[in-house]
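Now for the letters of each chain:
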Amino acid sequence: MRAAIFRNGEIVVDTLPEPKPAAGAVLVKTLACGICGSDLHARKHAHRMAEFSRHLPGRKPMDLSRDVVFGHEFCCEILDYGPATQRKLKPGTLVCSLPALLTPDGVRTIGYSNDHVGGYAERMLLSEALLLEVPNGLAAKHAALTEPLAVGIHAVAKANVRGDEVPLVIGCGPVGLA
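Now for a description of the structure that goes with this document. (Residues numbered from 1 in each chain as written. Predicted model: local features only at pLDDT ≥ 70, side-chain atom pairs only at ≥ 80, totals over all residues. Heavy atoms only, no water.)

Overview of the sheet that holds strand β3 (residues 25–33)
(1) Moving on: Read from one edge of the open sheet, five strands run β8-β3-β4-β5-β9, paired in antiparallel fashion. The open sheet has two free edges, formed respectively by β8 (123–127) and β9 (131–133), since each of these has just one partner strand. The average angle at which neighbouring strand axes cross in this sheet is 50 degrees, direction not considered.
(2) Moving on: Pairing geometry for strand β5 (residues 94–97) and β9, over three bridges, is antiparallel. Looking at the pairing, S97 lines up with L131 of β9. (Pairing = 2+ DSSP bridges. Helix = DSSP H or I, 4+ residues; strand = E, 2+ residues; numbered from the N terminus. Axes fitted to C-alpha atoms, helices over the stretch in contact; angles between N-to-C directions.)

Written as structure tokens, this is what we have:
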């Protein structure tokens, strides 16, 4: 399959092996994927991100001597299921997901990982338990905004604005606008 790969400090288009869904995983086709500011940051400062992630419990840092496929703001179409899945959604269903995989070794990041490709690949694996069906015929390019919008909603909830404060949003990217 083709993918936009972060390799040797550059983004290159190349081919990768087809992903095979393990237990609990779903094979999906990427329909739309946003270019997050974090991806742009990683393009220039991946070494800093990898070093920082070494200090986070349970986080496996990117090995920058190996390929990485970014992309964590995505909308996909279900193609197939791995073993031990409930198959509640039919193939062809549009879905979004947290950019994480549930593995026997714990939760693993999608998009900043050497082992779990992100949405800049034609196909990727998602955990069935984390799938969110795209409702009401929403276009894939709009559904791909689910992750950044969720970050904005989380920030508003965490701010605990009571109504008598004046909130200030600095930055008008997708998260700031959300």
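Next, the rest of the story.
Here's the deal with the nonpolar core
(1) Moving on: Ranked by internal contacts, the top residues of the largest apolar core, which has 15 residues, are A3, L16, M62, V69 and F70.
(2) Moving on: Of all the secondary-structure elements, those providing two or more residues to this core are β1 (2–7) and α1 (37–53).
(3) Moving on: Residue contributions to this core peak at four residues, all from β1.
(4) Moving on: Setting aside its immediate chain neighbours within four residues, V69 contacts A3, A4, I5, L16, G111, S113, V117, G118, Y120 and A121.
(5) Moving on: Within the second largest apolar cluster, 13 residues are counted, among which are V28, C76, Y81 and L89. (Core = buried A, V, L, I, M, F, W, Y, C linked by side-chain atoms within 4.5 Å. Buried < 20%, exposed > 50% of the residue type's maximum accessible area, 1.4 Å probe, protein only. Contact = heavy atoms within 4.5 Å.)

Quick word on unusual backbone geometry
(1) Moving on: Of note, N8 is a non-glycine position whose phi angle comes to about 55 degrees, a positive value.
(2) Moving on: Looking at the secondary structure, you find N8 in the loop between β1 and β2 (10–15).
(3) Moving on: The exposed category is assigned to N8, whose relative accessible area is 67%.
(4) Moving on: Positive phi values are uncommon outside glycine, yet N136 reaches one of about 50 degrees.
(5) Moving on: Its place among the elements puts N136 in the loop between β9 and α2 (140–143).
(6) Moving on: Using a relative accessible area of 82% as the deciding quantity, one classes N136 as exposed.

Section: the pairing of β1
(1) Moving on: Bridge analysis of β1 against β2 gives six bridges, and the strand direction is antiparallel. Note that in β2 the partner of F6 across the bridge is I11.
(2) Moving on: Turn length for the β1-β2 hairpin, with the two strands adjacent in sequence and antiparallel, is two residues, and the turn residue N8 shows positive phi of about 55 degrees.

With respect to the side chain of E73
(1) Moving on: Among the structural elements, E73 can be located in the loop between α1 and β4 (74–81).
(2) Moving on: Leave out the neighbours within four places in its chain, and E73 touches A32, C33, G34, I35, C36, A144, E147 and P148.

Notes on the environment of V175
(1) Moving on: Looking at where V175 falls in the secondary structure, it is placed in helix α4 (residues 174–177).
(2) Moving on: On the basis of relative accessibility, which here comes to 38%, the residue V175 falls in the partly exposed class.
(3) Moving on: For the pair V175 and E147, spaced 28 residues apart in the sequence, the C-alpha separation amounts to 9.0 Å.
(4) Moving on: Every residue in contact with V175, bar those within four places of it in the chain, is listed here: P148, V151 and G152.

Considering the pattern of salt bridges
(1) Moving on: Considering all chains together, one arrives at six salt bridges under this definition.
(2) Moving on: With a shortest N-O distance of 2.6 Å, R123 and E18 are connected by a salt bridge. With R123 in strand β8 and E18 in the loop between β2 and β3, this pair connects stretches of sequence that are 105 residues apart.
(3) Moving on: Relative accessible area serves as the criterion here: at 18%, R123 is assigned to the buried category.
(4) Moving on: Taking the relative accessible area as the measure of exposure, E18 reaches 33% and is therefore partly exposed. (Salt bridge = Lys/Arg side-chain N within 4 Å of Asp/Glu carboxyl O.)

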